[in-house]
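Below, each chain spelled out in residue letters.
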Amino acid sequence: MDGNATVRVGVLGYGNVGSALVALVAENGDAIEARTGLRLQVTRVAVKDMSKARAGFDNFTADAMSLVTDPEVDLIVEVIGGLDPARDLVLAALKAGKPVVTGNKELMAASGAELFDAAAKAGVDLLFEAAVAGAIPLMRPLRESLAGDRIQRVLGIVNGTTNFILTRMTESGASFADALAEAQALGYAERDPTADVEGHDAAAKAAIIASLAFGVRVVAGDVYREGISRVTADDIRMAGRLGYVVKLLAVIDAVGGEVAVRVHPAMVPLAHPLAAVRESFNAVFVEGAAAGELMFYGRGAGGRPTASAALGDVIDAAANLRQGTSAGVPGLAVARIRPMDEVHSQYYLSLDVADRPGVLEQVAAAFARHLVSIVQVLQVGMGGEARLVLVTHTALERDMQSTLAELRDLDAVDRVGTLLRVIGAE
Ligand SMILES: NC(=O)c1ccc[n+]([C@@H]2O[C@H](COP(=O)([O-])OP(=O)(O)OC[C@H]3O[C@@H](n4cnc5c(N)ncnc54)[C@H](OP(=O)(O)O)[C@@H]3O)[C@@H](O)[C@H]2O)c1
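Conventions used here
- Residues numbered from 1 in each chain as written.
- Predicted model: local features only at pLDDT ≥ 70, side-chain atom pairs only at ≥ 80, totals over all residues.
- Heavy atoms only, no water.
- Helix = DSSP H or I, 4+ residues; strand = E, 2+ residues; numbered from the N terminus.
- Buried < 20%, exposed > 50% of the residue type's maximum accessible area, 1.4 Å probe, protein only.
- Areas by Shrake-Rupley, 256 points an atom, 1.4 Å probe, with all protein chains shown as cover.
- Salt bridge = Lys/Arg side-chain N within 4 Å of Asp/Glu carboxyl O.
- Pairing = 2+ DSSP bridges.
- Expected span 1.5 Å × (residues − 1).
- Contact = heavy atoms within 4.5 Å.
- Polar contact = N/O pair within 3.5 Å; in protein donor to acceptor, adjacent residues only side chain to side chain.
- Phe/Tyr/Trp six-rings, centres within 6.5 Å; stacked < 30°, edge-to-face > 60°.
- Right-handed = clockwise from strand over helix to strand, strands pointing away.

**A look at the overall build of the chain**
Here's step 1: Along the backbone of the chain there are 13 helices and 17 strands.
Here's step 2: Seen through its principal axes, the chain has C-alpha atoms that stretch 85 × 45 × 35 Å.
Here's step 3: By residue count, 55% of the 426 residues in the chain fall in the buried class.
Here's step 4: Element-wise, carbon and sulfur atoms account for 50% of the exposed surface of the chain, whose accessible area totals about 17700 Å².

Next up, the structure:
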């Protein structure tokens, strides 16, 4: 950094987010300087393929490592994505004493602790607001505004693709396959949608939120995960009749010194604020012991929204660099990650059953044998097509799973349908 307040920024990646970030710095640079006294100057950008035609910038390199170690670059923004080579590049930047801003949830969820150590050793910032829920300020509120509170639970709709698909299934009765095809046609879903629809993307974000909210080490592999590909239009219709909407939720709980982190489709009561989060929007609902309930809502993806979050981090990191300080990195303790078997939930289950006397009693007895009590039963259809829809009181996952196993063996039960957890009704 030179004598005046110019901060020279090197950007790794010029895709959706990288190109939007460079454009935002050009658009808002004067206003940022007037407000903060910092002149941000993007000096170099690294890309993979030098032969692609690009607009909006003209000093590209294919050698990202040379950019990271360039003494003419003060601060690094990593928006390449993935683990390789992003991890090595971020570590090299931190080791060279350069603050890093990243939007890379995979990297933070897999290697957060290692990167925090490197940032702490170098005394520089590692900021990642853009990695979770796009434009929505969440990392900074968790790290700073709520630092004095004790967070008890975080519920998040953190994947816009699945929220779009579930919204379509809810509002037009579309099947999962049709809603996915529509999301793909509109550019909300990738051609290979696995990372979104099977919950991997949400699990990485859940791990990052859990680490920050509770100050413990959680990696993506610690997160129990179920996607939405098995949710049927029928489940959603039935949820509506019972007063719920189906959402893919990240559920992060502090339980007696342990942390439980899971991502799965859930039935949310229509009156819960998360039920109103539609289309590709994201929202994160935080319950603080003192603060009470808070909800953060907005665009969870898209080049400009994500670049806006990254640019906020760039300004913070640049200001700290200028003052020779850093925001500090979260100290991550090691806590037991509570296995899914030991987690408590309410459940929704649909069963196709034979329509004959005594079936309901047999089903109820199976639940009772495993200590799962039923709060609501709905009988739908007649003749060979009878269906029972049940909602339970809060029960232990292990007990619910053994109930399911017994139900599958019952003669009177033709098919055990989707098991959905009911969240936010307690
Ligand atoms: N897009 C979003 O809405 C969004 C939202 C939240 C977070 N994020 C995160 O932001 C990051 C970037 O996402 P994106 O959508 O902008 O990705 P993208 O459009 O695929 O762009 C990736 C960029 O990285 C470059 N790149 C790939 N390998 C490289 C290498 N070895 N060396 C140098 N450059 C390399 C690519 O170069 P070429 O141009 O030559 O291919 C491309 O410019 C990811 O971590 C993503 O998870 C994205």
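**Structural notes on the pattern of salt bridges**
Here's step 1: A complete count under the given rule lists 31 salt bridges for this structure.
Here's step 2: Of the charged contacts in the structure, one is a salt bridge between Glu258 and Arg336, with a shortest N-O distance of 3.0 Å. Of this pair, Glu258 sits in strand β10 (residues 258-269) while Arg336 is found in the loop between α11 (303-323) and β13 (344-353), placing the two residues 78 residues apart along the sequence.
Here's step 3: Among the charged side chains, a network of salt bridges with common partners joins Arg168, Glu171, Glu182, Arg278 and Glu279.

**Examining the sheet that holds strand β4 (residues 75-78)**
Here's step 1: Ordered by their spatial adjacency, six strands build an open sheet running β3-β2-β1-β4-β5-β6, and the pairing between neighbours is parallel. Strands with a single pairing partner mark the edges of an open sheet, and in this sheet they are β3 (60-61) and β6 (126-127).
Here's step 2: Of the pairings in the sheet, the one linking β4 to strand β5 (residues 100-102) comprises three bridges and is parallel in character. When the sheet's bridge partners are listed, Ile76 is paired in β5 with Val100.

**Quick notes on helix α6 (residues 160-172)**
Here's step 1: Along its 13 residues, α6 runs 18 Å from first to last C-alpha, staying within 8% of the 18 Å computed at 1.5 Å per residue.
Here's step 2: For α6, the tally of buried residues reaches ten of 13 residues, placing the bulk of the element in the interior.
Here's step 3: Inspection of α6 places Gly160, Thr161, Thr162, Asn163, Phe164, Ile165, Leu166, Thr167, Arg168 and Met169 among the buried residues, and these make up the whole buried set.
Here's step 4: The inward-facing, buried residues of α6 abut β7 (151-157), α7 (176-185), α8 (194-197), α10 (233-242), β9 (244-255) and β11 (281-288).
Here's step 5: The N-terminus of α6 is capped by Asn159, whose side-chain oxygen sits 3.2 Å from the backbone nitrogen of Thr161.
Here's step 6: Positive backbone phi, approximately 70°, marks Gly173, located one or two places after α6.

**Quick look at the environment of Arg153**
Here's step 1: With respect to the element layout, Arg153 can be found in strand β7.
Here's step 2: Non-local contacts of Arg153, meaning those with residues more than four positions away in its chain, are made with Val251, Ile252, Asp253, Arg262, Phe285, Val286, Glu287, Ile423 and Glu426.
Here's step 3: Looking at Arg153, its side chain comes within polar contact range of the side chain of Asp253, at 2.6 Å.

**Things to note about the packing of aromatic side chains**
Here's step 1: Taken as a whole and judged by the stated rule, the model has five aromatic pairs.
Here's step 2: Ring plane angle 80° and centroid distance 5.5 Å describe the contact between Phe57 and Phe60, whose orientation is recorded as edge-to-face.
Here's step 3: What makes Phe60 buried here is its relative accessible area of 18%.
Here's step 4: Judged by centre distance (5.7 Å) and plane angle (45°), the ring pair of Phe116 and Phe128 falls under tilted. Remark: Phe128 occurs in the loop between β6 and α5 (139-145) and Phe116 occurs in helix α4 (residues 105-122); sequence separation between them is twelve residues.
Here's step 5: Look at Phe116 and you get buried, because its relative accessible area is 5%.

**A word on the environment of Asn282**
Here's step 1: If you trace the backbone, Asn282 turns up in strand β11.
Here's step 2: For Asn282, a relative accessible area of 1% translates into the label buried.
Here's step 3: The sequence separation of Asn282 and Ile157 amounts to 125 residues, and the corresponding C-alpha distance is 5.2 Å.

**So, the pairing of β4**
Successive residues of a regular strand alternate their side chains across the two faces of the sheet.
Here's step 1: The alternating pattern of β4 places Leu75 and Val77 and Ile76 and Glu78 on opposite faces, both of which are buried.
Here's step 2: With four bridges connecting them, strand β1 (residues 6-12) and β4 associate as parallel partners. Paired with Val11 across the bridge in β4 is Val77.
Here's step 3: The parallel pair β4 and β5, bridged by helix α3 (residues 86-95), forms a crossover whose chirality is right-handed.

The quantities given are spatial measurements derived from coordinates; they are silent on function.
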